[in-house]
Every structure is written in C-alpha cells, then in structure tokens.
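Single-letter residue listing:
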Amino acid sequence: MELTEQHLTDEPLRDAQARAILAVLSDAMLASLRELAMDPSKVPETQASRRFRLFFEKRGRAEGKIEGKIEGKQEALLAVLDARGLSLTAEERAHIKACTVPAELDRWIARAATAASMSEVFAPEPVRAAQRSTPGNRSRVPERKGRTSPTPRKPTRSS
C-alpha cells in the first residue's frame, strides 16, 4: 500500500491498485487493518520514532500555547477598544490580527485604556534620549552619606 501511495501519481490507477491489494487479503487481515487504523496507539513504533514523534508533539503544544496567548491578547485589545467606543477601520482590525508580538499587543492594550483615538493606540514608542551626565552627576557610583572626599596633600620634598 505504501508503494502504491508513493509511486502511482495517477489517482484512478492508485485507487484501483489499492482495491486490488485489499481484495486479496483475508477477512482476518482486513479486520486487523481496520483495528489498527482506528487505534493508532496499537501501531508498533521504535524508541527512536517515539522520541521523534514526542519531540514534535511537545513542540506543537508549545507553539499552540504561544499562538493562543497572542490570540487572547488580540481579543482583549479588541474588547477594550469596543468598550471604550473607539471604532476600528478594517485596516486597523487587520493590523491587530496580524500582530504576533506579545509586548506590542500589551503596549496597545495599555494605551487603549486611556486613548482618545486609534492613532494614540498605535503611536510609535517614543525614542528615549541617551542619558547624559550632568556636572553634578558625573559618577555612576552613588556616594555614601557622611563621607567627604579626601583633601589633596601637599607634596613633600625628599632630602
């Protein structure tokens, strides 16, 4: 059956071949195949194939959780916007549905709570100016209270 599926590209010929194979099998063999087809856990697998299968199942679950969290954040944002009476264009709704960055969705949700318009919700993050040292704050190490800086000593002459 595997060879038929792999090598015959013509669908009517492939179906005819599969029927011919099934026609020569005994009733007991057909019953066994039906049972295996209905319960995949009864199909034998090697340790390596089991590890491989479990790896991808675990990965799929993790990806599903991430996708679910993102969808939840998208729905939360839409709910907040709706509750605030901020109307969305089809383009803005598509923009929300296309966003897959949790931090950005969180930022939009927080803004949606107080925004007067959709442009405020989607406003770009302000660029923070680099911290500059001021004359009174040149040191990054905080000074300890009660300590004074040492007074410079006069150089002494050696005889």
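Calculation rules
- Residues numbered from 1 in each chain as written.
- Predicted model: local features only at pLDDT ≥ 70, side-chain atom pairs only at ≥ 80, totals over all residues.
- Heavy atoms only, no water.
- Phe/Tyr/Trp six-rings, centres within 6.5 Å; stacked < 30°, edge-to-face > 60°.
- Helix = DSSP H or I, 4+ residues; strand = E, 2+ residues; numbered from the N terminus.
- Salt bridge = Lys/Arg side-chain N within 4 Å of Asp/Glu carboxyl O.
- Buried < 20%, exposed > 50% of the residue type's maximum accessible area, 1.4 Å probe, protein only.

Student: How should the packing of aromatic side chains be read in this particular structure?
Tutor: For the structure shown, the criterion picks out three aromatic pairs. Taken together, a centroid distance of 4.8 Å and an interplanar angle of 85° make the contact between W108 and F122 edge-to-face. In this pair, W108 is assigned in helix α6 (residues 102-112) and F122 in the segment after α7 (118-121), connecting sequence segments 14 residues apart. Put simply, the rings of F52, F55 and F56 touch in pairs and so form one group of aromatic residues.

Student: Even after reading the chapter, I still don't get the pattern of salt bridges, so can you show me in this structure?
Tutor: Note on pairing: side chains with opposite charge can pair once their charged atoms come close. Applying the stated criterion to the full structure yields six salt bridges. Measuring nitrogen to oxygen at the nearest pair gives 3.0 Å for the salt bridge that ties R53 to E57. With a gap of four residues between them, R53 and E57 both fall in helix α4 (residues 47-84), about one helical turn apart. For R53, a relative accessible area of 33% translates into the label partly exposed. The class of E57 is partly exposed, set by a relative accessible area of 33%. The shortest N-O distance in the salt bridge between D106 and K73 comes to 2.6 Å. With D106 in helix α6 and K73 in helix α4, the pair connects residues that are 33 residues apart, well separated along the chain. According to the relative accessible area criterion, D106 is partly exposed, its value standing at 37%.

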